[in-house]
Structures are given as C-alpha cells and as structure tokens.
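Structural overview
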Amino acid sequence: MVLMGRGNATRAAVAAVVALSLMPGARAADDKPIVMKIALATLDDVLHQYARNYAAAVEKDSGGRIKVEIYPASQLGSIQRQAEGVQFGAIQCQIVAPEFLVGIDERFEVLAAPGLVTSMAQGQRLAADPAVRQLMLGLGADKGLHGAALLMSTPSSVIAKAPIRHLADFKGKKVRIFASQFEAVAMKRLGATPKPMTLAEVLPALLDNSLDAAVSALTIFGPMHFETAAKYITEIGQPAIFGIVELSKKWYDALPADLQQILDKDAAAESVTINPQAIAIDDDARKTWLESGGELISLPGDEQSSLLKIVAGVGDEVSNDKPELSAAYKVVTEAAQRLR
C-alpha cells in the first residue's frame, strides 16, 4: 500500500479530474451542453420518428455534450424559413423532403421524379445507395448546408374533398404538390392544376376550398387532423417521398472533430434503423385513418398501370435542357433500375 500526504493526494485528485475531462464525450460539470435544434414540418410521421431516434443517439454518444431539441409541425417557421435558419446557423438541423430545397439547388428535386420508385423496399435501398447518397448529401455544401443522411419516408397519397377513384377524377382539380417541376408536369399530364405549397398551408387551403386535393404522406394526415377537411385518400404511390437531414454547415464546422464524427455517424446509422419503423408507421397510419371514419382508395389495377405510363418520361422532359439536373437525374435513375 502507498500512503500519500495531503499535497500528493490533492495533486492526484486534480490529475484524475483532468484525465476524465480529456476522455471522449466528457465535459466539465459547469459546461453548458451545445444546443442542437431540429426543425421539421411534419408531426408523428417517419421523419419525426427519425428525429427522435437521431436525437437520442446524439445525446448518448456525445455524453450529453449536445442537447437536442425537436420542433415538429413547423414550430420554427415555414419550410423555407427553416432552411434559411439552417443556412445561417440559427437552426442546427432540418429534416425535410429534399425537393423543398430546390431554391438552394434545383437538383434536390431529382428523387421526386414519378415512376422512379415503386415500393418502400426499393426506396429504402435507393436512399442507401452510395452514388445517390454522395450526390444528394453533397448538394448545398457551398450554400451553408452539410448533408448528413437520406431516408425513404413513404409513397405519396392524395387526400381529396371528393373521392378520386379513377384517373379521370383528377381532371380540373386544384391539387397541392411539393416544390417540384417533376410533380408539376406529372399533375398537368393527369389534367389537374398543380399548386406548390408547404405543408403548413395545405389544411387551411382545403378548408377554404382553395384546394380540391393535396399530394402528401398518408402518415401525416391523421396526426395533423386532415380529416377535418377531407376524408378520402387515394394511394397513388407516386412519387416516393424521401427525407434529407441537413445540418448547418456554419454550426457543424465550428464543432470539435469528435462531435462532427458523432453527428455524421449517428445520422447515417439511424437512416437504416428507421426502415422497419417506417413500414410499421405506414401500416398504423392506414388503420388509424379507417378507424377515424376516413376512406382509403386504390385505383383499379389497369388505371394504376396507366398512371405510370402517363408520367413516364416526365424526368427526361424536365431535365433535358438543364445539364446539371440531367446528370443528377441520370445518377438516381440508374441506381433505381439497378435496385428494382
């Protein structure tokens, strides 16, 4: 046994504290954690669940050095205001369908091409494809964004005030779409008038009859109480809805390297972990909608096939005279064909 004097014991205690402070993930007791705000437009859907998973992983792996706050349902402003907040560092993270970021780079919309994905499984494989991830997560790097993860959310559905049971029912309707030329051209081919809107605008527009129908995720219609405006959902499956996780580059670049690695590692890992949960959330959303008195509609088989034929080639039409968009579209279409 080694006996220490008071001076030796004090020095040993100080040395132990210093050693602990240098351990990865450690922080001094009086240090305040770094706040990471995650903003999203949706509520209780796949993207919201991903945010919860990501937050838990980051807080755990950072040893509490990062404290995550989640703001769903556009609490931090519209999708555009959220994106601006991330670019300038006021918001640290946004989780959003990538096509809503076309104002930053038009290539963000390539995954919204109709006919690109025909199943959840294929969409999940596409989101994990290295070439697709490299493309999508690199967009916006020169405009304040650090892409961290890509995930498949759900196929598109259309909620309508009057039932859409056949392709002909689209004709003459004012239909909300995402901010995507791919979706706009596809909807025009179906005889409808496309109306790009962010999610927060959709329910009021249905209630005041500014819209007849809206394209979105079935998983958000229940939690956001769309049954107050419309009860008919037609599951057209096109286009697929993805989610992209964007960190503020300004904020990210100022972090220690070990925290940067944690943010990237956990974002990528949770984009895979969410896959079975996404399918379960989708299934639960169907049950909940029916239990609330809503109706789920599928187009007749031959008309669903006709839908895919009608929208075929939309991606080429939109991107042909735009070299950068065309090159990005080629990357995702080649990957999608490879992963069918």
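Residues numbered from 1 in each chain as written. Predicted model: local features only at pLDDT ≥ 70, side-chain atom pairs only at ≥ 80, totals over all residues. Heavy atoms only, no water.

**As for the overall build of the chain**
On a plain count of helices and strands, the chain comes out with 13 helices and 10 strands. Taking the principal axes of the C-alpha coordinates as reference, the chain spans close to 90 × 45 × 35 Å. Counted over contacts in the chain with a minimum sequence separation of 6, partners at least 24 positions apart contribute 77%. Total accessible area on the chain stands at roughly 14900 Å², and carbon and sulfur atoms take up 56% of it. Both charge centroids of the chain, one from 34 positive and one from 39 negative side chains, sit 3 Å from each other. (Helix = DSSP H or I, 4+ residues; strand = E, 2+ residues; numbered from the N terminus. Contact = heavy atoms within 4.5 Å. Areas by Shrake-Rupley, 256 points an atom, 1.4 Å probe, with all protein chains shown as cover. Lys, Arg positive; Asp, Glu negative; His and termini not counted. Charge placed at Lys NZ, Arg CZ, Asp CG, Glu CD.)

**Points about the confidence of the model for the chain**
Per-residue confidence for the chain gives a mean pLDDT of 92, with 91% of residues at or over 70. Low pLDDT, under 50, characterises residues 1-29; the stretch is placed with 13 contacts to residues that sit more than four places away or in other chains. (pLDDT = per-residue confidence, 0-100.)

**Describing the pairing of strand β2 (residues 66-71)**
Across six bridges, the pairing between strand β1 (residues 34-39) and β2 is parallel. Counterpart to Ala39 in the pairing with β2 is Tyr71. Where the polypeptide runs from β1 across helix α2 (residues 46-61) and back to β2, its parallel neighbour, the crossover connection is right-handed. (Pairing = 2+ DSSP bridges. Right-handed = clockwise from strand over helix to strand, strands pointing away.)

**Topic: the nonpolar core**
Counting 111 residues, the largest nonpolar core has Met36, Tyr54, Leu126, Met136, Phe226 and Leu263 as its most contacted members. In contact with Tyr54, other than residues within four places in its own chain, are Met36, Ile38, Cys93, Val245, Leu247, Leu263, Asp266, Ala267 and Glu270. (Core = buried A, V, L, I, M, F, W, Y, C linked by side-chain atoms within 4.5 Å. Buried < 20%, exposed > 50% of the residue type's maximum accessible area, 1.4 Å probe, protein only.)

**A few points about the packing of aromatic side chains**
What the rule picks out here adds up to five aromatic pairs. With 5.8 Å between their ring centres and 25 degrees between their planes, Phe182 and Tyr329 make a pair best called stacked. With a gap of 147 residues between them, Phe182 in helix α6 (residues 181-189) and Tyr329 in helix α13 (residues 323-338) connect regions that are remote in the sequence. Note on accessibility: Phe182 and Tyr329 belong to one class, buried. Both rings, one in Phe221 and one in Trp289, keep their centres 6.4 Å apart while their planes meet at 55 degrees; by these two values the pair is tilted. (Phe/Tyr/Trp six-rings, centres within 6.5 Å; stacked < 30°, edge-to-face > 60°.)

**Describing the environment of Ala285**
For Ala285, the position within the fold is in helix α10 (residues 257-291). Once the C-alpha coordinates of Ala285 and Ala205 are considered, the two residues, 80 residues apart in sequence, prove to be 22 Å apart. Setting aside residues no more than four positions away along its own chain, Ala285 makes contact with Leu218 and Thr219.

**So, the layout of surface pockets**
There is about 230 Å³ of room inside the largest pocket. Along its surface, the largest pocket is lined by 13 residues, and Pro114, Gly115, Leu116, Tyr329 and Arg340 are the ones closest to its centre. Of all the secondary structure elements, the ones that give two or more residues to the lining of the largest pocket are α11 (301-311) and α13. It is α13 that contributes the most residues to the lining of the largest pocket, four residues altogether. Here the lining of the largest pocket is composed, by residue class, of seven nonpolar, four polar and two charged. (1 Å grid on protein atoms, 1.4 Å probe; cavity = no way out; pocket = protein on both sides within 12 Å on 5 of 7 lines; lining within 4 Å. Points joined across faces, edges and corners; volume = space filled by probe spheres on them. Nonpolar A, V, L, I, M, F, W, Y, C, P; charged D, E, K, R; others polar.)

**Quick word on α6**
For α6, every residue scored as buried is listed here: Phe182, Glu183, Ala184, Val185, Ala186 and Met187. Of the surrounding elements, those touching the buried residues of α6 are β5 (174-177), β6 (193-196), β7 (213-217), α11, α12 (314-319) and α13. Sitting at the amino-terminal end of α6 is Ser180, which places a side-chain oxygen 3.1 Å from the backbone nitrogen of Phe182. The first or second residue beyond α6 is Gly191, which carries a positive phi of 90 degrees. (Polar contact = N/O pair within 3.5 Å; in protein donor to acceptor, adjacent residues only side chain to side chain.)

**Section: unusual backbone geometry**
In this structure, the amide linkage connecting Gln238 to the following residue, Pro239, adopts the cis form with an omega of -10 degrees. Looking at the element boundaries, Pro239 is found in the loop between β8 (232-234) and β9 (240-248). Positive phi values are uncommon outside glycine, yet Ser74 reaches one of about 60 degrees. Its place among the elements puts Ser74 in the loop between β2 and α3 (79-88). Notably, His225 is not glycine yet its phi reads approximately 60 degrees, a positive angle. Topologically, His225 is positioned in the loop between α8 (218-221) and β8. Taking relative accessible area as the criterion, His225 reaches 47% and is therefore assigned partly exposed.

**Considering α11**
Side chains that are three or four residues apart share a direction in an α-helix, a result of its 3.6 residues per turn. Those residues of α11 not exposed but buried are Glu303, Leu307 and Val311. Projected down its long axis, α11 shows its buried positions confined to an angular sector of 70 degrees, all on one face. The exposed residues of α11 that point more than 90 degrees off its buried face are Gly301, Asp302 and Lys309. At its buried positions, α11 is contacted by α6 and α12. (Arc of directions from axis to C-beta.)

**Some points on the pattern of salt bridges**
All told, the structure shown has 17 salt bridges when counted by the stated rule. The partner of Glu69 in a salt bridge is Lys67, with the nearest N and O atoms 3.7 Å apart. Put simply, Lys322 and Glu106 hold a salt bridge, and the shortest N to O gap is 3.7 Å. With a gap of 216 residues between them, Lys322 in the loop between α12 and α13 and Glu106 in the loop between β3 (93-96) and α4 (120-128) connect regions that are remote in the sequence. The exposure class of Glu106 is partly exposed, given its relative accessible area of 31%. Beyond isolated ion pairs, a larger network of salt bridges with shared partners links Lys60, Asp61, Lys265 and Asp266. (Salt bridge = Lys/Arg side-chain N within 4 Å of Asp/Glu carboxyl O.)

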